[in-house]
Amino acid sequence: MSEQDKTRQMKLGLMLAQSGHHVASWLHPEAWPDTELDFSKLLHLAKTAEEGLFDFIFSADSLSGEKFTPETLPRTAIGVRIEPMTLLTALAAVTENIGLVCTATTTYDQPYLVARRFASLDYVSGGRAGWNVVTSAHPPEARNFGGGVHPNKETRYRRAREFVEVVNGLWDSFDQDALTLDRAHAQYYDPAKLHVLNHEGEFFRVRGPLMIPKSPQGRPIVVQAGASEDGRQLAAETAEVVFTAQQSLEDAQIFYRDVKRRAREAGRDPGSVLIMPGFGVLVRETQAEAEDVFQQLQDLINPDVGISLLSRYMQTDMSKYDIDGPVPELPSGGDVFSRAGLLLAAARRDGLTIRQLYQKIAGGRGHFQLIGSPRHVADVMESWFHNEAADGFNLVPPLFPTGVDEIVKRLVPELQRRGLFRTAYEGKTLREKLGLPTPIPQRV
Ligand SMILES: Cc1cc2nc3c(=O)[nH]c(=O)nc-3n(C[C@H](O)[C@H](O)[C@H](O)COP(=O)(O)O)c2cc1C
């Protein structure tokens, strides 16, 4: 291990999700079934993560509820949530340190509006805002925006690239020192330090400027989670944090090295692109206790819901096949969800049936499951962290709130004891905590 490796510390995020990321979590007696609708419960999670010195909490989003079939959807809590930006703005007022990251889609939103919302969150939170850029992988979102055809993946990513460019341009409308607040000369800002964007591209015509002077972070943090060729390339060119759902250390290493290489080729410092795989961590005092809680959750999965979940990830109607038979091949061509390929590979490698595959993904929606004692969980995290697979982890615990309470009580101290995680926050802004440089505006 190099000297630099000895002092490098991992970053931690907590992804919110109803009563936990396990598809059946809301049925478990320990769960709060209405977490995403009850601000005091969401605040408990945010405060607990802050107590645990997490870098950020992350609220995902989708603009359609139609993820499952009409028969199975009402049996799950999936998709039930208040609007993330409203939530994070409220949390900003009652937390001090934790980063606040949420999703906004480049397919159904507008860059001017997104730039304005996230710059505002950055102000309200004192520099703790982050934007998870998504292209909306689920076609039903189109039905809520005029009912047109959901654009194909290649088009969505082309639009996303232009969208991010416009948002960055708008965030750079004012130079850092533009505000003069000079009462004597009645000059609020220096007009030479305000820049009109005048963007005209394939998808957007945006004049600007955004009338929000440079926010505390310079720019909010840009996060991305696409895993396809286009997704990785966009992440490498534009993202500062990259989420991913990798199933094994080997796959995670391939992803990590690939995105870092692409970042280098795009002229960026690969150290400023943090790869944070999702980990479905369930930690209890002992291995047996943790496995027991996980089994309780697995036993609560309704098979129709399990099949529906798998069908969504695999983009194939799995109800047509024998639940205890092999997983069928994926449809060829078209927009195959990148996670489908990863899951199929895992099913083939481990010889899983449909039931076993949905059980495998039920805990964390396709993320790697890590269940056990603090020591066991920390061992795995340490090995990914030190072997070019992760710069940190986006935790997706199966069960809220106990899952988060236990992580902070048991896992965080174990990571700290090993020198792998901070013992105090390093700075006020999310950018400082993540150790990321402030991007320099590119003016043409
Ligand atoms: C941790 C994580 C969080 C994600 N959050 C969202 C989200 O909030 N909204 C969304 O539409 N997609 C979300 N996605 C999906 C990705 O943005 C992306 O569409 C998906 O990984 C497929 O990638 P691809 O289009 O490059 O194949 C998330 C993915 C991961 C791994």
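Further up the page is the structure itself.
Small disclaimer: the values here were computed from a predicted structure and weren't measured.

Novice: Is there a simple way to think about the pairing of strand β5 (residues 179-182) in this case?
Specialist: A regular strand carries its side chains on alternate faces of the sheet. With two bridges joining them, β5 and strand β6 (residues 187-189) adopt antiparallel strand pairing. The residue bridging L179 from the neighbouring strand is Y189, located in β6. Connecting β5 to the antiparallel partner β6 that follows it, the hairpin turn spans four residues, and A186 within it adopts a positive phi of roughly 50°.

Novice: I would appreciate a short explanation of the packing of helix α4 (residues 111-125) against helix α5 (residues 153-171) in the present structure.
Specialist: Each pair of packed helices can be described by the angle between their axes along with the distance between the axes. Two elements in contact, α4 and α5, have axes whose closest approach is 9 Å; the angle formed by their N-to-C orientations is 50°. With respect to their mutual orientation, α4 and α5 come out oblique. For the crossing formed where α4 meets α5, the hand is right-handed. Taking contact as the criterion, the partners of P111, Y112, V114, A115 and A119 in α4 are, on α5, F163, V166, V167, L170 and W171. Partitioned by chemical class, the residues of the contact of α4 with α5 number 10 nonpolar, no polar and no charged.

Novice: Quick question: what am I supposed to make of unusual backbone geometry here?
Specialist: Put simply, G208 and P209 share a cis peptide bond, and its omega is -5°. Structurally, P209 is set in the loop between β8 (205-206) and β9 (221-224). Between F400 and P401 the backbone carries a cis peptide bond, its omega angle lying at 0°. Mapped onto the secondary structure, P401 falls in the loop between β13 (392-395) and α13 (402-417). Phi at E388 takes a positive value of approximately 55°, unusual for a residue other than glycine. Among the structural elements, E388 can be located in the loop between α12 (374-386) and β13.

Novice: I tried to follow the nonpolar core on my own but got confused; where do I start?
Specialist: In a soluble, globular protein the nonpolar side chains are often hidden away together inside. With 123 residues, the main nonpolar core has I57, L100, V242 and L310 as its most contacted residues. For this core, the leading source of residues is α5, giving eight residues.

Novice: What is the right way to look at the pairing of strand β10 (residues 241-244) in this model?
Specialist: Side chains V241 and F243 project from β10 onto one buried face, and the interleaved V242 and T244 project onto a second face that is buried too. In the sheet, β9 pairs with β10 via two bridges, with the strands oriented parallel. The residue bridging Q224 from the neighbouring strand is V242, located in β10. In this fold, β9 hands off to helix α6 (residues 229-238), which returns the chain to β10; that crossover is right-handed. Note that β10 and strand β11 (residues 274-283) share four bridges and pair parallel. For V241, the partnering residue across the bridge sits in β11 and is L274. A crossover connection joins β10 to the parallel β11 through helix α7 (residues 249-265); in handedness this β-α-β unit is right-handed.

Novice: Where do I start with the environment of E50 in this structure?
Specialist: In this fold, E50 is placed in helix α2 (residues 39-51). Look at E50 and you get buried, because 20 C-beta atoms sit within 10 Å. In sequence terms E50 and A17 are 33 residues apart; their C-alpha atoms lie 17 Å from each other. Setting aside anything within four residues of it in sequence, one finds E50 in contact with T95, N97 and I98.

Novice: Is there a simple way to think about α2 in this case?
Specialist: One turn of an α-helix holds 3.6 residues; hence residues three or four places apart share an orientation. In this model α2 runs 18 Å from its N-terminal to its C-terminal C-alpha over 13 residues, within 8% of the 18 Å that 1.5 Å per residue would give. Burial in α2 covers these residues: L42, L45, A46, T48, A49 and E50. Looking one or two residues beyond α2, the residue adopting positive phi is L53, at roughly 65°.

Here is what the cut-offs are and how they apply
Residues numbered from 1 in each chain as written. Predicted model: local features only at pLDDT ≥ 70, side-chain atom pairs only at ≥ 80, totals over all residues. Pairing = 2+ DSSP bridges. Helix = DSSP H or I, 4+ residues; strand = E, 2+ residues; numbered from the N terminus. Axes fitted to C-alpha atoms, helices over the stretch in contact; angles between N-to-C directions. Parallel < 35°, antiparallel > 145°, perpendicular 65-115°, else oblique. Left-handed = near helix turned anticlockwise from the far one by under 90°. Contact = placed C-beta atoms within 7 Å. Nonpolar A, V, L, I, M, F, W, Y, C, P; charged D, E, K, R; others polar. Core = buried A, V, L, I, M, F, W, Y, C linked by C-beta atoms within 7 Å. Buried ≥ 20, exposed ≤ 12 C-beta atoms within 10 Å, placed from the backbone. Right-handed = clockwise from strand over helix to strand, strands pointing away. Expected span 1.5 Å × (residues − 1).

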